[in-house]
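This is what each chain is made of:
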Amino acid sequence: MKSPALTRRIIETLATQHPNADTELHYRTAFELLAATILSAQSTDERVNMVTPDLFKRYPDARALAKADPKELEPLILSTGFFRQKAKSLIGMATKLVEEHGGEVPADMDTLTALPGVGRKTANVVLGHALGVPGLPVDRHVLRVANRIGIAEGEDPVKVETQLCEQLPPELWTLASDVLILHGRRVCRPKPLCDMCSVRKDCDYYKALKPKDAPRTVRAPRR
């Protein structure tokens, strides 16, 4: 893997290429981001953002969601997929927040991951974006981009998270995730647009390409 100094430079360069990188989920509170992130599993941020306005109008906080009837909740989240399991997770998460945390979202990894439907990636999203606690969510985009560039090795999200956190100062953890995710969506796709990449000179994948194998530019749609 690359040195901490080079890893930091790569993240800072990607941040320049993707200015104002942030989660693309819409939220106003930590509770809303937690619910939205649960809904985003096996779905897209765009789809979740279409669903959450009506969802949060009806269930604005944990106390309201804890009292939800699954038969009324499920139609609101149907289009995000796996709606029955997600409804169960949302109600379970809200119920535990009310019963054990006064309805507030705790700013602690272990406590968050003890909530129904909340894994480490979801917890890191909420910690880093809504609660001001350094967190580095690892999704499929982070795995692909970090491995290609050579700033992490392996397909285990927890191990990749650990590697990246060891290479970067805590104040860059959330930014690193955000820019790697956006880079994976816009540029470093499964079929990458390497000549649009600002860090290709430091990228192991690009260096390994033969000239004839280098991907040609196709303008990627923004999302």
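Parameters at a glance
Residues numbered from 1 in each chain as written. Predicted model: local features only at pLDDT ≥ 70, side-chain atom pairs only at ≥ 80, totals over all residues. Heavy atoms only, no water. Helix = DSSP H or I, 4+ residues; strand = E, 2+ residues; numbered from the N terminus. Rg over C-alpha atoms; globule rule 2.2 N^0.38 Å. Buried < 20%, exposed > 50% of the residue type's maximum accessible area, 1.4 Å probe, protein only. Phe/Tyr/Trp six-rings, centres within 6.5 Å; stacked < 30°, edge-to-face > 60°. Lys NZ or Arg CZ within 6 Å of the ring centre and 35° of its normal. Expected span 1.5 Å × (residues − 1). Bend = angle between axes of the 7 residues up to and from the residue. Contact = heavy atoms within 4.5 Å. 1 Å grid on protein atoms, 1.4 Å probe; cavity = no way out; pocket = protein on both sides within 12 Å on 5 of 7 lines; lining within 4 Å. Points joined across faces, edges and corners; volume = space filled by probe spheres on them. Nonpolar A, V, L, I, M, F, W, Y, C, P; charged D, E, K, R; others polar. Core = buried A, V, L, I, M, F, W, Y, C linked by side-chain atoms within 4.5 Å.

Caption draft 1: Examining the overall build of the protein more closely. Looking only at helices and strands, the protein features twelve helices and zero strands. Listing every helix and strand of the protein by position from the N terminus yields α-α-α-α-α-α-α-α-α-α-α-α. The globule rule puts the C-alpha radius of gyration for 223 residues at 17 Å, and the 19 Å found for the protein is close to it. Principal-axis analysis of the C-alpha atoms places the extent of the protein at approximately 60 × 35 × 25 Å. For the protein, the proportion of its 223 residues judged to be buried stands at 49%.

Caption draft 2: Structural detail: the packing of aromatic side chains. Scanning the model with the defined rule gives one aromatic pair in all. The ring of Tyr205 has Arg148 sitting right over it, with the charged end atom 4.8 Å from the ring centre.

Caption draft 3: Just helix H3 (residues 45-58), in detail. Here H3 is 14 residues long and its end C-alpha atoms lie 20 Å apart, about the 20 Å a rise of 1.5 Å per residue gives. Most pronounced at Thr52, the bend in H3 amounts to some 35°, and the proline Pro53 follows within four residues. Three or more residues of H3 are buried, namely Asp45, Val48, Asn49, Val51, Thr52, Leu55 and Phe56. On the buried face of H3, the contacting elements are helix H2 (30-39), helix H5 (70-77) and helix H11 (173-186).

Caption draft 4: Spatial organisation of helix H8 (residues 120-130). Within the span of H8, buried status applies to Thr122, Ala123, Asn124, Val125, Val126, Leu127 and His129. On its buried face, H8 is in contact with H2, helix H7 (109-113), helix H10 (157-167) and H11. Two residues or fewer after H8 comes Gly132, characterised by a positive phi angle close to 70°.

Caption draft 5: Region of the structure containing the side chain of Thr80. Considering the arrangement of structural elements, one finds Thr80 in the loop between H5 and helix H6 (83-101). On the basis of relative accessible area, Thr80 is assigned to the buried category, the value being 2%. Each residue touching Thr80, except ones within four places of it in the same chain, is listed here: Leu39, Ala41, Gln42, Ser43, Arg47, Val48, Val51 and Lys86.

Caption draft 6: Geometry of the environment of Thr162. For Thr162, the position within the fold is in helix H10. Here the alpha-carbon distance between Thr162 and Asp204, two residues 42 residues apart in the chain, equals 20 Å.

Caption draft 7: Highlighting empty space enclosed by the protein. Following the criterion strictly, the structure yields one cavity of 30 Å³ or more and no others. Its boundaries defined by the atoms lining it, the largest cavity holds a volume of some 80 Å³. The wall of the largest cavity is formed by 14 residues, among which His183, Cys188, Cys194, Cys197 and Cys203 lie closest to the centre. Counting only elements with at least two residues in the lining of the largest cavity, the list comes to helix H9 (140-149) and helix H12 (204-208). Among the elements that take part in the lining of the largest cavity, H9 stands out by supplying three residues, more than any other. Taken together, the residues of the lining of the largest cavity break down into eleven nonpolar, one polar and two charged.

Caption draft 8: Structural detail: the nonpolar core. Counting 35 residues, the largest nonpolar core has Leu34, Leu65, Leu73, Ile77, Leu90 and Met93 as the members making the most contacts within it. Secondary-structure elements contributing two or more residues to this core are H2, H3, helix H4 (62-66), H5, H6, H7 and H8. Here this core takes eight residues from H2, the largest share from any one element. Discounting chain neighbours no more than four positions away, the residues touching Leu90 are Ala35, Ile38, Leu39, Leu65, Leu73 and Ile77. One finds Ile11, Val145, Cys165 and Cys203 within the second-largest nonpolar core, a separate group that totals 32 residues.

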